[in-house]
Amino acid sequence: MWHGVTVVEKPTGELIPLAMLKQRLRIDVPDDDQLLPELLKGAVARIDGPNGIGVAMMQQTWRKTMDCFPCKILLPGAPITQVISIKYIDDSGAEQTLPPSAYRANVDVEPAVVEPAFGGSWPSVRNITGALKVDYQLGVTDAADVPADLIDAVCLLVAHRYENREAVADGGLAELPLGVTAILNEHSRSHVAA
């Protein structure tokens, strides 16, 4: 189900402002104001998207690419808010966009299901790799609507990476805080292990 899923439009919303991140990490000095946003990006990348745990925290667009129409299209990820478009290469080699009236999308289930409208069927596609592309939107527009424990996991990851910047240390490195693993496992929709 996860094969062929990519992010085509990354989130533009801010998950955690720098001032809030510093407050949560108890950092009072401006010395690492350049480093912390980079650590935040890394922590978000560990969690967010199809290469993370299969959850989209902030609004973004994913694409599921397939070679042909299956009976039902299963769209992985959560929370899915809408199917944006279904494009395919027809028998003559031209790209077509399927009108929304030709399909029914149920985004209230996981995985989301897209199937032909009642009494309809999928069109023929050219026999080529990647002939079908389904773009769909996931995530929320306001960071206040992201589950609080996912925000906690992001902050815990940033704190861990802030304190453990080296690959090797004299006293040995600590593994990820136990809370991070528990949170990620609880929210995981992905084929990738948390």
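Criteria and thresholds
Residues numbered from 1 in each chain as written. Predicted model: local features only at pLDDT ≥ 70, side-chain atom pairs only at ≥ 80, totals over all residues. Heavy atoms only, no water. Pairing = 2+ DSSP bridges. Helix = DSSP H or I, 4+ residues; strand = E, 2+ residues; numbered from the N terminus. Axes fitted to C-alpha atoms, helices over the stretch in contact; angles between N-to-C directions. Parallel < 35°, antiparallel > 145°, perpendicular 65-115°, else oblique. Contact = heavy atoms within 4.5 Å. Buried < 20%, exposed > 50% of the residue type's maximum accessible area, 1.4 Å probe, protein only. Core = buried A, V, L, I, M, F, W, Y, C linked by side-chain atoms within 4.5 Å.

**Thoughts on the sheet that holds strand β6 (residues 103–106)**
The strands making up a sheet associate through backbone hydrogen bonding, with each pair oriented either parallel or antiparallel.
Moving on, step 1. Taken in spatial order, the three strands line up as β3-β7-β6 in an open sheet, and their pairing is antiparallel. Of all the strands in the sheet, just β3 (73–75) and β6 have a single pairing partner and so form its edges. When strand polarity is set aside, the average angle formed by the axes of neighbouring strands in this sheet is 20°.
Moving on, step 2. Of the strand pairs in this sheet, β3 and strand β7 (residues 112–116) are connected by three bridges, and their pairing is antiparallel. The partner of L74 across the bridge, within β7, is V113.

**Notes on the packing of helix α1 (residues 18–25) against helix α3 (residues 148–163)**
Moving on, step 1. Relative orientation of the contacting elements α1 and α3 amounts to 70°, with a least axis distance of 10 Å. For the element pair α1 / α3, the angle class is roughly perpendicular. Touching L21, R24 and L25 of α1 are I151, D152, C155, V158 and A159, all from α3.

**Remarks on the pairing of β7**
Note on strand geometry: in a regular strand, side chains alternate between the two faces of the sheet.
Moving on, step 1. By the criterion of burial, β7 is predominantly enclosed, with four of the five residues buried.
Moving on, step 2. Sheet topology note: the β6/β7 ladder contains four bridges and is antiparallel. Within β7, the residue paired with A105 across the bridge is V114.
Moving on, step 3. Here β6 folds back onto β7 in antiparallel fashion, the turn holding five residues.

**Re the nonpolar core**
Moving on, step 1. With 27 residues, the main nonpolar core has I47, V154 and V158 as its most contacted residues.
Moving on, step 2. Every element with two or more residues in this core is listed here: α1, α2 (35–47), α3 and α4 (178–187).
Moving on, step 3. Counting residues per element, this core draws most heavily on α3, at eight residues.
Moving on, step 4. Once you skip the residues sitting within four places of it in the chain, V158 turns out to touch L21, L25, L36, L39, L40 and A43.

**Some points on the environment of V180**
Moving on, step 1. Of note, V180 is situated in helix α4.
Moving on, step 2. As for V180 and R126, which are separated by 54 residues in sequence, their C-alpha atoms are 45 Å apart.
Moving on, step 3. Ignoring sequence-local partners within four residues, the contact set of V180 consists of A153, L156 and L157.

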